[in-house]
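# Structure assessment
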Amino acid sequence: MRIPIIAGNWKMNNTIKEGIELIEEIKKSKLNKDVESVICVPYTMLKDAKVAVKETNIKLGAQNMHYEENGAFTGEISPLMLKEIGVDYVIIGHSERREYFKETDEDINKKIKTALTHNIKPILCVGESLEERESNIQEKIVNDQIEKALKDVNASKLENIVIAYEPIWAIGTGKTASSDDANEMLVSIRKKIKSLYDEKSSEVIRLQYGGSVKPNNIEELMSKSDVDGALVGGASLKADDFIKLLNF
Ligand code: 13P
């Protein structure tokens, strides 16, 4: 059975003070124990956030990392540094990193492998642009991203990987893929995993949808056969909304 996983991606938002206040608000509510809750916060507050989520079921995630353990990479953060803090998850290959920071599929593949080596669970982001969707090549684009990201990744690791399908046209735009469209893509991703690995692997890997997920569409999305969770931007910054999502 795949455990549902709802992750908040705070992106470049919240000072330490604001972030801790938000976590404290979330902690006040009774969270559904059958849902894995994750918050992916900026690097600067990881350490404080780790203390704040102690003795709760909330897991902690980073939003990126370098694939090397150390070295001359000014401004970067390594898996060892994340591990030292006790980070459980790391978002890899978000479309904003692919677009604004020119991350390539090869970088993403290296990051996935390094994260797994250090027992940090990657949330691999994939998704097509509006132009690609309008040309009806979204499945090809996403399958290609997955194949490249998972190159040389062993089947035994798949239960520790989450794939987030985030169509770029739905991120921060208020436009959500319909629950049927989202599910159709996740079914296609699972089929791709089956063809790259085997049936068992395709059944254990957890797949999320991301892109304008809000309290008013979460229930419908989560009711679909292949949606195991959501990766949430904007709505994860508001305690009330995020609590509703965690308790969908
Ligand atoms: P929004 O929920 O704000 O559309 O962001 C989605 C996202 O990019 C999460 O990683």
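See above for the structure.
Throughout what follows, the structure given in this document is the object of discussion. (Residues numbered from 1 in each chain as written. Predicted model: local features only at pLDDT ≥ 70, side-chain atom pairs only at ≥ 80, totals over all residues. Heavy atoms only, no water.)

## As for the site of the ligand
Near the ligand there are 13 residues, and of these Lys11, His94, Gly172, Ser212 and Gly234 occur at the shortest range. A distance of 2.7 Å separates an oxygen atom of the ligand from a polar backbone atom of Ser212. With respect to the ligand, the backbone of Gly234 contributes an N or O atom lying 2.8 Å from an oxygen atom. For the ligand, whose unbound accessible area comes to 310 Å², protein coverage reaches 96%. Within the shell around the ligand, the residues separate by chemical class into four nonpolar, seven polar and two charged. (Near = heavy atom within 4 Å. Polar contact = N/O pair within 3.5 Å; in protein donor to acceptor, adjacent residues only side chain to side chain. Areas by Shrake-Rupley, 256 points an atom, 1.4 Å probe, with all protein chains shown as cover. Nonpolar A, V, L, I, M, F, W, Y, C, P; charged D, E, K, R; others polar.)

## Some remarks on the sheet that holds strand 8 (residues 229-232)
In space, the eight strands of this closed barrel follow the order 1-2-3-4-5-6-7-8, with parallel pairing throughout. Put simply, the sheet's adjacent strands are angled 25° from each other on average, direction ignored. Strand direction decides the pairing type here: strand 1 (residues 5-9) and strand 8, joined by four bridges, are parallel. Each bridged residue has a counterpart across the sheet, and for Gly8 the counterpart in strand 8 is Val232. Of the strands in this sheet, strand 4 (89-92) and strand 5 (121-126) are in contact with helix 5 (residues 105-117), which crosses strand 5 at around 160°. Along the sheet, helix 8 (residues 179-196) makes contact with strand 5, strand 6 (162-165) and strand 7 (206-210), crossing strand 7 at roughly 150°. (Pairing = 2+ DSSP bridges. Helix = DSSP H or I, 4+ residues; strand = E, 2+ residues; numbered from the N terminus. Axes fitted to C-alpha atoms, helices over the stretch in contact; angles between N-to-C directions. Contact = heavy atoms within 4.5 Å.)

## Re the side chain of Asn183
Here Asn183 lies in helix 8. Judged by relative accessible area, Asn183 falls into the buried class, the value being 11%. Here the side chain of Asn183 touches Asp226 through a polar contact of 2.8 Å, landing on its backbone nitrogen. Sequence-distant contacts of Asn183, defined by excluding residues within four places in its chain, comprise Lys224, Ser225, Asp226 and Val227. (Buried < 20%, exposed > 50% of the residue type's maximum accessible area, 1.4 Å probe, protein only.)

## Structural notes on the pairing of strand 2 (residues 36-40)
In terms of burial, strand 2 is a largely internal element, five of the five residues being buried. Residues Glu36, Val38 and Cys40 of strand 2 are buried on one face, and the alternating residues Ser37 and Ile39, pointing to the opposite face, are buried as well. The sheet contact formed by strand 1 and strand 2 spans five bridges and is parallel. Bridge pairing links Ile5 to Glu36 in strand 2. Between the parallel elements strand 1 and strand 2, the chain passes through helix 1 (residues 16-28) in a crossover that is right-handed. (Right-handed = clockwise from strand over helix to strand, strands pointing away.)

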